[in-house]
Amino acid sequence: DQQVKQNSPSLSVQEGRISILNCDYTNSMFDYFLWYKKYPAEGPTFLISISSIKDKNEDGRFTVFLNKSAKHLSLHIVPSQPGDSAVYFCAAKNTGKLIFGQGTTLQVKP
Amino acid sequence: GAGVSQSPSNKVTEKGKDVELRCDPISGHTALYWYRQSLGQGLEFLIYFQGNSAPDKSGLPSDRFSAERTGGSVSTLTIQRTQQEDSAVYLCASSPAPLPYNEQFFGPGTRLTVL
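The paragraphs below set out a description of the structure included in this document. Keep in mind that this is a model prediction, so the values were computed, not measured.

**Some words on the overall build of chain B**
Then, in step 1: For chain B, the count of helices and strands is zero helices and 10 strands.
Then, in step 2: Each helix and strand of chain B, placed in order from N terminus to C terminus, yields the pattern β-β-β-β-β-β-β-β-β-β.
Then, in step 3: The C-alpha radius of gyration computed for chain B amounts to 13 Å, which stays within 12% of the reference 13 Å derived for 115 residues, consistent with globular compactness.
Then, in step 4: Taken over the C-alpha atoms alone, chain B extends approximately 40 × 25 × 25 Å along its principal axes.
Then, in step 5: Of all 115 residues assigned to chain B, the portion counted as buried reaches 49%.
Then, in step 6: Considering only contacts in chain B between residues 6 or more positions apart, those separated by 24 or more positions represent 56%.

**Observations regarding the overall build of chain A**
Then, in step 1: When its secondary structure is counted, chain A shows zero helices and 11 strands.
Then, in step 2: Starting at the N terminus and ending at the C terminus, chain A contains elements arranged as β-β-β-β-β-β-β-β-β-β-β.
Then, in step 3: The C-alpha atoms of chain A give a radius of gyration of 13 Å, which matches the 13 Å a tight globule of 110 residues would have.
Then, in step 4: In terms of its C-alpha atoms, chain A occupies a principal-axis envelope of roughly 40 × 30 × 20 Å.
Then, in step 5: Expressed as a percentage of its 110 residues, the buried residues of chain A come to 48%.
Then, in step 6: Put simply, 53% of the contacts in chain A that link residues at least 6 apart link residues at least 24 apart.
Then, in step 7: Per element, the accessible surface of chain A, about 5200 Å² overall, is 49% carbon and sulfur.
Then, in step 8: Here chain A carries 12 positive and 9 negative side-chain charges, and the mean point of each set is 2 Å from the other.

**Quick word on the pairing of strand β7 (residues 62-67) of chain A**
Residues and elements named next belong to chain A.
Then, in step 1: Looking at chain direction, strand β6 (residues 56-59) and β7 are connected through four bridges and run antiparallel. By the bridge assignment for β7, Asp59 is matched with Phe62.
Then, in step 2: Between the end of β6 and the start of β7, which pair antiparallel, lie two residues, with Gly60 showing a positive phi angle near 65°.
Then, in step 3: As paired strands, β7 and strand β8 (residues 72-77) are joined by six bridges and run antiparallel to one another. Directly across from Phe62, in β8, lies its bridge partner Ile77.

**A closer look at the packing of aromatic side chains**
Residue and element names in this part refer to chain B.
Then, in step 1: According to the stated counting rule, one finds 13 aromatic pairs over all chains in the structure shown.
Then, in step 2: Ring centres of Tyr33 and Tyr48 lie 4.8 Å apart, and the angle between their planes is 5°; this geometry places the pair in the stacked category. You can see Tyr33 sitting in strand β4 (residues 31-37) and its partner Tyr48 sitting in strand β5 (residues 43-50), a full 15 residues away along the chain.
Then, in step 3: Judged by its relative accessible area of 0%, Tyr33 falls in the buried class.

**Description of the nonpolar core**
Then, in step 1: Counting residues in each nonpolar core, the largest one holds 24 residues, and the members touching the most others are Val4(A), Phe33(A), Trp35(A), Leu73(A), Leu75(A) and Tyr88(A).
Then, in step 2: Those elements that place two or more of their residues in this core are β3 (19-25), β4 (32-38), β5 (45-51), β7, β8, β9 (86-94) and β11 (104-109) of chain A.
Then, in step 3: Here this core takes four residues from β9(A), the largest share from any one element.
Then, in step 4: The next biggest cluster of nonpolar side chains, apart from the first, holds 20 residues, and it includes Cys23(B), Leu60(B), Phe65(B) and Ala88(B).

**So, the environment of Leu47(A)**
Then, in step 1: Its place among the elements puts Leu47(A) in strand β5.
Then, in step 2: With sequence-adjacent residues up to four places away left out, Leu47(A) is seen in contact with Trp35(A), Tyr36(A), Asp59(A), Phe62(A), Leu75(A) and Tyr88(A).

Rules used in this analysis
Residues numbered from 1 in each chain as written. Chains lettered and ligands numbered in written order. Predicted model: local features only at pLDDT ≥ 70, side-chain atom pairs only at ≥ 80, totals over all residues. Heavy atoms only, no water. Helix = DSSP H or I, 4+ residues; strand = E, 2+ residues; numbered from the N terminus. Rg over C-alpha atoms; globule rule 2.2 N^0.38 Å. Buried < 20%, exposed > 50% of the residue type's maximum accessible area, 1.4 Å probe, protein only. Contact = heavy atoms within 4.5 Å. Areas by Shrake-Rupley, 256 points an atom, 1.4 Å probe, with all protein chains shown as cover. Lys, Arg positive; Asp, Glu negative; His and termini not counted. Charge placed at Lys NZ, Arg CZ, Asp CG, Glu CD. Pairing = 2+ DSSP bridges. Phe/Tyr/Trp six-rings, centres within 6.5 Å; stacked < 30°, edge-to-face > 60°. Core = buried A, V, L, I, M, F, W, Y, C linked by side-chain atoms within 4.5 Å.

Pasting the structure below:
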């Protein structure tokens, strides 16, 4: 049973445009959500997070939106840069451990 | 300071052999986690250690998998009688404390290939 889902395996955008990565979850008890970025042959690195008491968190070019009623969160990257090309994982915290989605591969074309 | 380190970076083994994977967390981090990523899949939780508490083993896929954490620092993940489906990248992470808002810092992973 996949509690955290990223239904788009890949996304391609032009440099300078907005990238929107989506994530859905099923467990309403999740109270904290995170986005991680992963380059090949490296471990995931933390990008941005949001508590369930908020609906938006912004950090520079990255903004995460949370819609609790829809059990949906999204990561917006604007403007997108070629260095943003990586695999993006959303994760939900559940009693200490993280439940990850399958990941979305973002390609930003120059 | 140093990040999370894992060894070996790559391990190739034959089906049926036992393997040990090592994780050195960030100094002072009390929480340690093991995940794995199989080809084309997301990260799958395996086990979680927090201080002296009993570990959360709820993600271990079978009794061939075990892990220990000695002295609250280094951890070893052991897979006995490896199978081809155990092939994956095994990732270790640590965090300062199990507070909800502490991020987990990941190591580079160990790529395990079972022939």
